[in-house]
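# Structural description and commentary
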Amino acid sequence: MTTTAVTHIASLVTNDPSLGNGTPLGLIQDAAVVIEGDRIVWTGESSKAPATDNVLDAVGRAMIPGFVDSHSHLVFAGDRTQEFNARMSGQPYTAGGIRTTVAATRQASDEQLSDNVARYLAEALRQGTTTLETKSGYGLTVEDEARALRIASRHTDEVTYLGAHVVSPDYADDPAGYVDLVTGPMLDACAPHARWIDVFCERGAFDGDQARAILTAGRAKGLHPRIHANQLTYGPGVQLAVELDAASADHCTHLTDADVDALGQGDTVAALLPGAEFSTRATWPDARRLLDAGATVALSTDCNPGSSFTSSMPFCIALAVRDMGMTPDEALWSATAGGAAALRRTDIGRITPGARADLVLLDAPSHVHLAYRPGVPLVSAVWRGGERVE
């Protein structure tokens, strides 16, 4: 295999303190990275880079790991512009619009849904996202949920079964019957196509007992839990996530001291999704409170057609720094290594020997520009698995 060196990187974020300046970002100044095949084989100071087959001069630009977006909902059809317009005109968000997307998604063809997923993945890639999780949840029948997961698995390895997004309109008068469906025939049909199982544990969706039954059933089928927790109100979601060793508790907007302590002491990642708060004008999650308690925090887009229609991780970094109490260093770590932790991956989210060569070159001398220059397209080049794709 040929080797390629990217040299004269002004500031390299490795996310390995042992390789750099001792901070969590492991910064190396005037750095180089060597790629062989789909892996990183060397990082260090540019002056010490080994000989390689090819050399690319970064000309004083910064390099970061590819973003790891651990929460999205990309298998959908339709548009909810009217809902967004109404919300921006003062009407509150109550999650009822999910059913609008369910109706449109059921009517869409496989080709339409697959094309949508590919389009949004390409959009995210242009903005530096090299790993992206996505969910079902807009079908809510056995056939439509299994179809969504089959389509998603063509595009990403990080696929989540979310039959428990809301109670299907077909079971509006029988929520217990729908839980039986989600934990029975629907789970049987969906488990072969997914890695994860998720549930929206929230008033108007599924309560704590229902969520526990759903996640426990999924775990028995080999799917690891993650959970939509404490987004709209205080509730049992975070405590349940920690109890069941969920990989992540996502949203974490309304937390008690006990919730924060549980996340600080457990292995469950607190995945914060600032695009949702931006789009719904809701209370911002308090990232500072979580970080100070020792919790591992991830940042993700929550890209979906209703409450957070963005695929931009740089945008979410800027929001986290501006409105959630994070430093630029913390926000970048959470959008890369934090996302990897939320997916329980060690091969991504860092630039270290042995890691997958997922790299982003910024048209800026420092990663701080992601928050310093919000809205500016700073991604200059992207490598995924060692291949330059942008």
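Not measured: the values here are computed from a predicted model.

Moving on, we get to the packing of helix H12 (residues 313-323) against helix H13 (residues 328-335). In contact at an axis separation of 9 Å, H12 and H13 are set at 140° when each is read in the N-to-C sense. The angle between H12 and H13 falls in the class oblique. The chirality of how H12 crosses H13 is right-handed. On the side of H12, the interface is formed by Met 313, Ile 317, Ala 320 and Val 321, while H13 contributes Pro 328, Ala 331, Leu 332 and Ala 335. In terms of residue class, the contact of H12 with H13 is built from eight nonpolar, no polar and no charged.

Moving on to the confidence of the model for the protein. When the pLDDT values of the protein are averaged, the result is 96; 99% of them are 70 or greater. The weakest mean pLDDT in the protein belongs to helix H1 (residues 81-88) at 86; the strongest belongs to strand E6 (residues 67-69) at 99.

Within a pair of aromatic rings, the relevant descriptors are the distance that separates the centres and the angle that separates the planes. The final tally for this structure, using the stated rule, is seven aromatic pairs. Measuring from ring centre to ring centre gives 5.6 Å for Phe 76 and Tyr 120, while their planes differ by 20°; the resulting arrangement is stacked. With Phe 76 in the loop between E6 and H1 and Tyr 120 in helix H3 (residues 110-126), the pair connects residues that are 44 residues apart, well separated along the chain. Like Phe 76, the residue Tyr 120 is buried in the burial classification. Ring plane angle 75° and centroid distance 6.4 Å describe the contact between Phe 76 and Tyr 138, whose orientation is recorded as edge-to-face. Of this pair, Phe 76 sits in the loop between E6 and H1 while Tyr 138 sits in the loop between strand E8 (134-135) and helix H4 (142-153), and the two are 62 residues apart along the sequence. Residue Phe 76 shares its accessibility class with Tyr 138, and that shared class is buried. By the ring-pair criterion, three or more aromatic residues cluster together here, those being Phe 76, Tyr 120, Tyr 138 and Phe 309. The aromatic ring of Trp 196 is capped on one face by Arg 226, whose charged end is 4.3 Å from the ring centroid.

Turning next to the packing of helix H5 (residues 175-183) against helix H7 (residues 208-220). One way to put it is that H5 packs onto H7 with a least axis distance of 9 Å and a crossing angle of 15°. What the angle tells us is that H5 and H7 run roughly parallel. The two elements H5 and H7 meet at a crossing, and its hand is right-handed. Contacts between H5 and H7 involve Pro 175, Val 179, Val 182 and Thr 183 from the former and Gln 210, Ala 213, Ile 214 and Ala 217 from the latter. Within the contact of H5 with H7, the residues separate by chemical class into six nonpolar, two polar and no charged.

Once that is clear, we can look at the pairing of strand E9 (residues 159-164). Counting buried residues along E9, six of its six residues qualify, which places the element largely inside the surrounding structure. Sheet topology places E8 next to E9; two bridges connect them, and they run parallel. The residue bridging Lys 135 from the neighbouring strand is Thr 160, located in E9. Each parallel crossover has a hand, and for E8 linked through H4 to E9 it is right-handed. Bridging between E9 and strand E10 (residues 196-201) involves three bridges; their strand directions are parallel. Paired with Thr 160 across the two strands is Trp 196, which belongs to E10.

Moving on, we get to unusual backbone geometry. With phi around 60°, Asn 15 is a residue other than glycine that occupies positive phi space. Structurally, the position occupied by Asn 15 is in the loop between strand E1 (3-12) and strand E2 (28-36). Given a relative accessible area of 11%, Asn 15 falls into the buried group. The backbone phi angle of Arg 281 is positive, close to 55°, even though this residue is not glycine. When you line up the elements, Arg 281 lands in the loop between helix H10 (274-280) and helix H11 (287-292).

Turning to H5, a few remarks are in order. Counting along an α-helix, one turn takes 3.6 residues, and residues three or four places apart therefore face a common direction. Residues Gly 177, Tyr 178, Val 179, Leu 181 and Val 182 constitute the buried set of H5. Next to the buried residues of H5 lie H4, E9, helix H6 (185-190) and H7.

We now examine the pattern of salt bridges. Throughout the structure, instances matching the rule amount to 21 salt bridges. For Asp 358, the salt bridge identified is with Arg 356, shortest N-O distance 2.6 Å. Arg 356 shares its class with Asp 358; the two are buried. A network of salt bridges, in which partner residues are shared, links Glu 158, Arg 195, Arg 345 and Asp 347.

Reading guide: rules and limits
- Residues numbered from 1 in each chain as written.
- Predicted model: local features only at pLDDT ≥ 70, side-chain atom pairs only at ≥ 80, totals over all residues.
- Heavy atoms only, no water.
- Axes fitted to C-alpha atoms, helices over the stretch in contact; angles between N-to-C directions.
- Helix = DSSP H or I, 4+ residues; strand = E, 2+ residues; numbered from the N terminus.
- Parallel < 35°, antiparallel > 145°, perpendicular 65-115°, else oblique.
- Left-handed = near helix turned anticlockwise from the far one by under 90°.
- Contact = heavy atoms within 4.5 Å.
- Nonpolar A, V, L, I, M, F, W, Y, C, P; charged D, E, K, R; others polar.
- pLDDT = per-residue confidence, 0-100.
- Phe/Tyr/Trp six-rings, centres within 6.5 Å; stacked < 30°, edge-to-face > 60°.
- Buried < 20%, exposed > 50% of the residue type's maximum accessible area, 1.4 Å probe, protein only.
- Lys NZ or Arg CZ within 6 Å of the ring centre and 35° of its normal.
- Pairing = 2+ DSSP bridges.
- Right-handed = clockwise from strand over helix to strand, strands pointing away.
- Salt bridge = Lys/Arg side-chain N within 4 Å of Asp/Glu carboxyl O.

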